[in-house]
Amino acid sequence: SDDNVNSKSAIYAFDLLTGKELWKYPVKNSIKNTIAYGIETILAQDTEANLYALDAASGKLKWTHKMNLGGFPYLTEGLVAKHNLVYAGTGAGLSAYHIGNGREIWTNQGWDKNEAATTTLTIAENILISGSQWGALYANNLHTGEFLWKLSEDGLNNRGASPTYLDGKLYLISGKSFFIIEPKSGKILKRKELNFNLETTSTPLITKNEIIFGTGDKGLVALDKESLILKWNIQTRPSKIYTVL
């Protein structure tokens, strides 16, 4: 990250066992969110909407692509890869690319960007889940890019946190509530309003019996997986900087 645009932003690789730096690849601007791996390739997008594909072993550039987001805001979302495709961008620039050569497979035509979000794209079987801050939660067909649905009611336009996909359901926090959503239809299966500040970037952790996530004011929270009743709450120390959970 280099928000002063002094050409110091880069992607780094370190040896897993020793921590020794293996390679470094300079990028044009800050990379604010999740990077991905597929077909021996590291994939990342910077805030200027440059998409990078690097050889994982050497750090050498395979290809790069300038995504057309239609102007500001800068791109702060994270991308995701599956099989031989990487899904990147947001709004009208949300697209699927072939990891091997950077060929564009499809581009979203169903919704435009809003404020930049801190979310990472989520794959739910054949559905790609995305969102924009003060916009909505969106779903596109993973293979064709067809726009399927959007949800913005009940605080779902607050797109700070990414959902977790497990066993055919999406789990996420947004606004003042916890949600369980069916990804194919966008139907809200369960919604529980909570007395916590949920304006965070915390993605729920799903265990055998609990749903665990961070809050903005009362630390960590665990809900019972079946009843959604509060099981425990652990207060953490105040943060000195804003962090991603």
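Here is a short report on the structure shown in this document. Here the residue numbering is sequential within each chain, running from 1 through the sequence in written order. Since the coordinates come from a predicted model, pLDDT governs what is reported: local features require at least 70, and pairs of side-chain atoms require 80 or more to be given and counted, while whole-chain, interface and lining totals use all residues. Values reported for side chains reflect all heavy atoms of the structure, with hydrogen atoms and water molecules removed beforehand.

### Regarding the packing of aromatic side chains
Here is the rule we go by: Stacked, edge-to-face and tilted are the three classes for Phe, Tyr and Trp ring pairs, Trp counted by its six-membered ring, which pair at centre distances within 6.5 Å; planes under 30 degrees apart are stacked, over 60 edge-to-face, the rest tilted. Any residue under 20% of the maximum accessible area for its type is buried, any over 50% is exposed, and the rest in between are partly exposed; the area is computed with a 1.4 Å probe on protein chains only.
Under the definition given, this model contains seven aromatic pairs. For the pair Tyr12 and Phe14, a centre-to-centre distance of 6.1 Å together with 15 degrees between the ring planes defines the contact as stacked. You can call Tyr12 partly exposed: its relative accessible area is 38%. Aromatic ring contacts, followed pair by pair, group Trp111, Tyr138 and Phe147 into a single cluster.

### Focus: the sheet that holds strand S6 (residues 61–66)
Strands belonging to one sheet form pairs held by backbone hydrogen bonds; the direction of such a pair is parallel or antiparallel. For clarity, the threshold we go by: DSSP calls a pair of strands paired once it identifies at least 2 bridges connecting them. Under the scheme used here, helices are H or I runs from DSSP no shorter than 4 residues and strands are E runs no shorter than 2 residues, and both carry numbers assigned from the N terminus. Axis definition: a line fitted to C-alpha atoms, over the contacting stretch in the case of helices. Angles run 0 to 180 degrees between N-to-C directions.
Strand order in the open sheet formed by four strands is S3-S4-S5-S6, and the pairing between neighbours is antiparallel. Each of the sheet's edge strands pairs with one partner strand only, and the pair in question is strand S3 (36–38) and S6. In this sheet, adjacent strand axes meet at a mean angle of 20 degrees when their direction is disregarded. Two strands pair when backbone bridges link them, and S3 and strand S4 (residues 41–45) are joined in this way by three bridges, in the antiparallel orientation. Within S4, the position partnered with Tyr37 by the bridge is Ile42.

### Brief notes about a nonpolar patch on the surface
Quick note on the threshold: Residues enter a patch when their relative accessible area is above 30% and they make no salt bridge; the linking distance is 9 Å between like charges and 5 Å between nonpolar side chains (Val, Leu, Ile, Met, Phe, Trp, Tyr). Here, Shrake-Rupley sampling with a 1.4 Å probe gives the accessible areas, and only protein chains in the shown set may cover a residue. Whenever Lys or Arg places a side-chain nitrogen within 4 Å of a carboxyl oxygen from Asp or Glu, that contact is recorded as a salt bridge.
On the surface, Leu220, Trp232 and Ile234 cluster together into a nonpolar patch covering about 250 Å² of accessible area. Tracing the sequence through the fold places Trp232 in strand S22 (residues 230–234).

### Observations concerning the pairing of strand S9 (residues 95–98)
Every second residue of S9 is oriented toward a common face, with Ser95 and Tyr97 on one face and Ala96 and His98 on the other, all of them buried. Bridging between strand S8 (residues 85–88) and S9 involves four bridges; their strand directions are antiparallel. Residue pairing across strands places Ala88 opposite Ser95, the latter belonging to S9. Between S8 and S9, which follow one another and run antiparallel, lie six residues, and Gly89 among them has a positive phi close to 85 degrees. Of the strand pairs in this sheet, S9 and strand S10 (residues 104–107) are connected by three bridges, and their pairing is antiparallel. Looking across to S10, one finds that Ser95 is bridged to Thr107. Taken together, S9 and the strand that follows it, S10, pair antiparallel across an intervening segment of five residues, in which Gly102 is found at a positive phi of about 80 degrees.

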